[in-house]
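As a plain string of letters, each chain reads:
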Amino acid sequence: MNAIVPSLLQVEGVGHAFGGVHVLSSVSFNVPHGGLIGLIGPNGSGKTTLFNIICGFVHPLTGRVLFDNRALDRSSNVVQRSRHGLLRTFQTPKVFEHLSVLENVMAGLYKCSRGGVLASMLRMPLARREMLRMQELAEATCNVFGLGSMMQRPAGSLTAGARRNVELARAVVSEPRLLMLDEPSSGLAKEEVGQLREQLARINQSGLAILLVSHDMDLMSMVDRVHVLSSGEIIASGTMAEMHRNPEVQQVYLGL
Amino acid sequence: MDRSLLPDSVRAGSASTRHSGGRGLALVLTCVSLAAAPLLLSVHYVDLLVFAALLAISGLGVGFLLGQAGIINLAQVAFYGIGAYATAHVTVAWNLPGLLGLLLGVVISAAFALVMGLPLLRLSGHFLALATLALMVIVTQLFFEWDWLTGGSLGIGGIPKISLFGWTFDTPMKFYYFAWPIALLCFWMLSNIADGRPGLAMRAMRDSPEAAEVMAVDSTALRTKLFVLSAILGSISGSLFAHYVGYISVESFTLERTIVMIMAPVIGGVRNPWSALPGAIFLSFLPELLSPLGEVYRILFGLGLVLVIILFPQGLLGIANWRRVK
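Every value quoted in this text rests on a predicted model; they were computed, and no experiment measured them.

What follows covers the overall build of chain A. Regarding its fold elements, chain A presents 10 helices and 10 strands. Over its C-alpha trace chain A gives a radius of gyration of 19 Å, about what one expects of a compact globule, namely 18 Å for 256 residues. On the principal axes, the C-alpha backbone points of chain A span a range of 60 × 45 × 40 Å. In chain A, which comprises 256 residues, the share counted as buried stands at 46%. Of the contacts formed within chain A by residues at least 6 apart in sequence, a portion of 67% connects residues at least 24 apart.

Moving on: the overall build of chain B. When helices and strands are tallied, chain B shows 15 helices and 2 strands. Here the C-alpha atoms of chain B give a radius of gyration of 21 Å, agreeing with the 20 Å that 2.2 N^0.38 yields for 326 residues. Expressed as lengths along the three principal axes of its C-alpha atoms, the size of chain B is roughly 70 × 45 × 45 Å.

Turning next to the nonpolar core. Residues and elements named next belong to chain B. Counting residues in hydrophobic clusters, the biggest one holds 177 residues, and the most contacted among them are Ala53, Ala56, Ala179 and Ala204. Ranked by residues supplied to this core, first place goes to helix α3 (residues 43–69) with 15 residues. The residues touching Ala56, leaving out its near neighbours within four places in the chain, are Ala183, Ala264, Ala276, Leu277 and Ala280.

This next bit is on the pairing of strand β2 (residues 21–32) of chain A. All names here are of chain A. Pairing of strand β1 (residues 7–18) with β2, which is carried by 8 bridges, proceeds in the antiparallel orientation. Residue Ser7 lies in a different strand from β2, and its bridge partner there is Pro32. In this antiparallel pair of consecutive strands, β1 and β2, the connection spans 2 residues, and Gly19 shows a positive phi of 55 degrees.

All names here are of chain A. Look at helix α6 (residues 160–173): 20 Å from first C-alpha to last across 14 residues, which is about the 20 Å you get at 1.5 Å a residue. Within α6, 12 of the 14 residues are buried, which leaves the element mostly enclosed by the surrounding structure. Those residues of α6 that sit buried are Ala162, Arg163, Arg164, Asn165, Val166, Glu167, Leu168, Ala169, Arg170, Ala171, Val172 and Val173. Contacts made by the buried residues of α6 are with β6 (86–88), α3 (101–108), α5 (125–144), β7 (178–182) and α7 (190–205). One or two residues past the end of α6 sits Glu175, with phi positive at roughly 55 degrees.

Before going further, it helps to examine the packing of α3(B) against helix α11 (residues 219–245) of chain B. Residue and element names in this part refer to chain B. Relative orientation of the contacting elements α3 and α11 amounts to 170 degrees, with a least axis distance of 9 Å. It follows from the interaxial angle that α3 and α11 lie roughly antiparallel. Here Val50, Leu54, Ile57, Ser58, Leu60, Gly61, Val62, Phe64, Leu65 and Ala69 of α3 come into contact with α11, specifically with Arg223, Leu226, Phe227, Leu229, Ser230, Leu233, Gly234, Ile236, Ser237, Leu240, Phe241 and Tyr244. Considered class by class, the residues forming the contact of α3 with α11 number 16 nonpolar, 5 polar and 1 charged.

Below, the discussion takes up the interface of chain A and chain B. In this complex, chain A contributes 46 residues to the contact, which on the side of chain B involves 33 residues. Breaking the side of chain A that touches chain B down by element, the ones donating at least two residues are α2 (78–83), β6, α3, α4 (117–121), α5, α6 and α7 of chain A. In terms of residue class, the side of chain A that touches chain B is built from 22 nonpolar, 11 polar and 13 charged.

Residue and element names in this part refer to chain A. The sheet built from 4 strands is open, its strands ordered β2-β1-β4-β5 with antiparallel pairing. The sheet is open, and its two borders are formed by β2 and β5 (70–71), each paired with just one other strand. With 5 bridges joining them, β1 and strand β4 (residues 62–67) adopt antiparallel strand pairing. Bridging from a neighbouring strand, Glu12 pairs with Arg64 of β4.

What follows deals with the confidence of the model for chain B. Residue and element names in this part refer to chain B. The pLDDT averaged across chain B works out to 90; a share of 91% of its residues lies at or above 70. Contacts for the low-pLDDT stretch residues 13–19, under 50 throughout, to residues beyond four places or in other chains number 9 contacts. Note on the complex model: pTM 0.88, ipTM 0.91.

This part takes up the confidence of the model for chain A. Taken residue by residue, chain A gives an average pLDDT of 91. The fraction at 70 or more is 97%. Mean pLDDT in chain A bottoms out at helix α10 (residues 247–254) of chain A, which sits at 82, and peaks at α3(A), which reaches 97.

This brings us to the environment of B:Asp147. Residue and element names in this part refer to chain B. Mapped onto the elements of the fold, Asp147 is located in helix α7 (residues 147–150). Overall, Asp147 belongs to the partly exposed group, with 13 C-beta atoms counted inside 10 Å. With 103 residues separating them in the primary sequence, Asp147 and Val250 have C-alpha atoms 9.5 Å apart.

This brings us to the sheet that holds β7(A). Residue and element names in this part refer to chain A. Across the sheet, which stays open at both edges, the 6 strands sit in the order β6-β7-β8-β3-β9-β10 with mixed pairing between neighbours. Looking along the sheet, the strands with just one partner apiece sit at the ends: β6 and β10 (233–238). Along the sheet, successive strands turn relative to each other by an average axial angle of 20 degrees, direction set aside. With respect to the sheet, helix α1 (residues 47–55) is in contact with β3 (36–40), β6, β7, β8 (209–213) and β9 (225–230), its orientation differing from that of β7 by roughly 150 degrees.

The next subject is helix α4 (residues 76–93) of chain B. Residues and elements named next belong to chain B. Over its 18 residues, α4 runs 25 Å from end to end, which matches the ideal 26 Å to within 8%, given 1.5 Å per residue. Among the 18 residues in α4, 16 count as buried, and that is most of the element. Looking at the residues trailing α4, positive phi occurs at Asn95, about 60 degrees.

Here is what the cut-offs are and how they apply
Residues numbered from 1 in each chain as written. Chains lettered and ligands numbered in written order. Predicted model: local features only at pLDDT ≥ 70, side-chain atom pairs only at ≥ 80, totals over all residues. Helix = DSSP H or I, 4+ residues; strand = E, 2+ residues; numbered from the N terminus. Rg over C-alpha atoms; globule rule 2.2 N^0.38 Å. Buried ≥ 20, exposed ≤ 12 C-beta atoms within 10 Å, placed from the backbone. Contact = placed C-beta atoms within 7 Å. Core = buried A, V, L, I, M, F, W, Y, C linked by C-beta atoms within 7 Å. Pairing = 2+ DSSP bridges. Expected span 1.5 Å × (residues − 1). Axes fitted to C-alpha atoms, helices over the stretch in contact; angles between N-to-C directions. Parallel < 35°, antiparallel > 145°, perpendicular 65-115°, else oblique. Nonpolar A, V, L, I, M, F, W, Y, C, P; charged D, E, K, R; others polar. pLDDT = per-residue confidence, 0-100.

Below is the structure:
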């Protein structure tokens, strides 16, 4: 019998509508501590809206989201959720285009540091030490993510694959507790997807929980459990192998 | 991550020291040049350089907002006016030292920027620009209407020269050595912000507000702090202007003035926190150099600005890079 792993993220009966059109209806699922959970579904099934609700960009009309047993209500915005360790990437990578790759990754360490406007303005030793430490950690992270040779390049000049990598490195360096990845393999070449898969496995093994949205079945094969979203409802949950055998999932999504 | 993916030496921390030697040298050269300039120039040009210092300080505020955080602030002349009127009142009506006027202007401007910034800075892009323009129009209109306070179009005269520790800065040369160190100190402090953690957050926010929020950058708080800082610089500049000229009226605080305050950093290369410095000197000297040509100088001045923007899209400070690229 499997031991019961406490949930890090609990989505309970979440529903949402835009202009009277229901995009999510009573969606419930959990992400355990250190788990790797997948979310699949056809385009327009509500995956990105669900991501936006979990990370605080959108507030649900019904239901609630709990993170580490704390309800995340309207007063908990994106910034606060990020500080609690709930981080996401975007379907189209949102790198800071005019910042170098190194600065992008350093931006991920923003919440791990405290130097304010006054300390920086007066060039206080604490602020300088903190920036040096951020730079050092960011450089090491760039090397781990294969970005070492392009650290000084503006992120806006990178290929789609490298941008994904920058976004991932920036998210991971901030030591989140739950990383939500929205289509991380979109726009990547096959070998780049392989590298991404290896990185995700390594990150997950280090204890970080991951919620993964992807259409890439090869990438999804690494998840512990997957939930299938269709027309705003979860229609099936289980392992990927189980989903492949599920006739309803095959009909609405897998197209087999 | 659990940073277990990083090498042990990095996780333990071994903060090495890095210096940006080139920029330090540029700063030293700038200081030396500015210190030597009055010894080589006539009083007339020293006078122009004093005005350039005042423009550089107010331009630094708006340029910092624009270049680092992408905020267009067209209300700077309002804070410039608050600083000037505070100085005028404290020194003329209350007969108190000029330094108190400068401090009062800073306090009023900061408080006003905070109160106005909280609602205004929820806007972005051209909506925010228009809102700050509206703020500028309202405040400058109040300067005109509240003639019991500002003297209206008659203005307030007899503002004494500023004194510090018994030393009165009563000539262009003396005022030059008072205004430029203040300007350089302001530039140094704001460039430190740009180099530090808040600067990183500002530029991230400018490039992608959503992603910056996900990185826990509280954009409302940061934008408000920057707006207040910019207002303080505008106020300091206005106070110094009142002391230097000795007379202020509503004519001193116009839309044209606020546009010049934005042009200074744009001409200098707005992404660089030091941009307002060369921009202000350029804008102060170019009309003077062209004026012997007669009325046509205004056209040539406009043409000169357009040429600088077209030829050096990264501003005057980008010329070195431009030559390297060529």
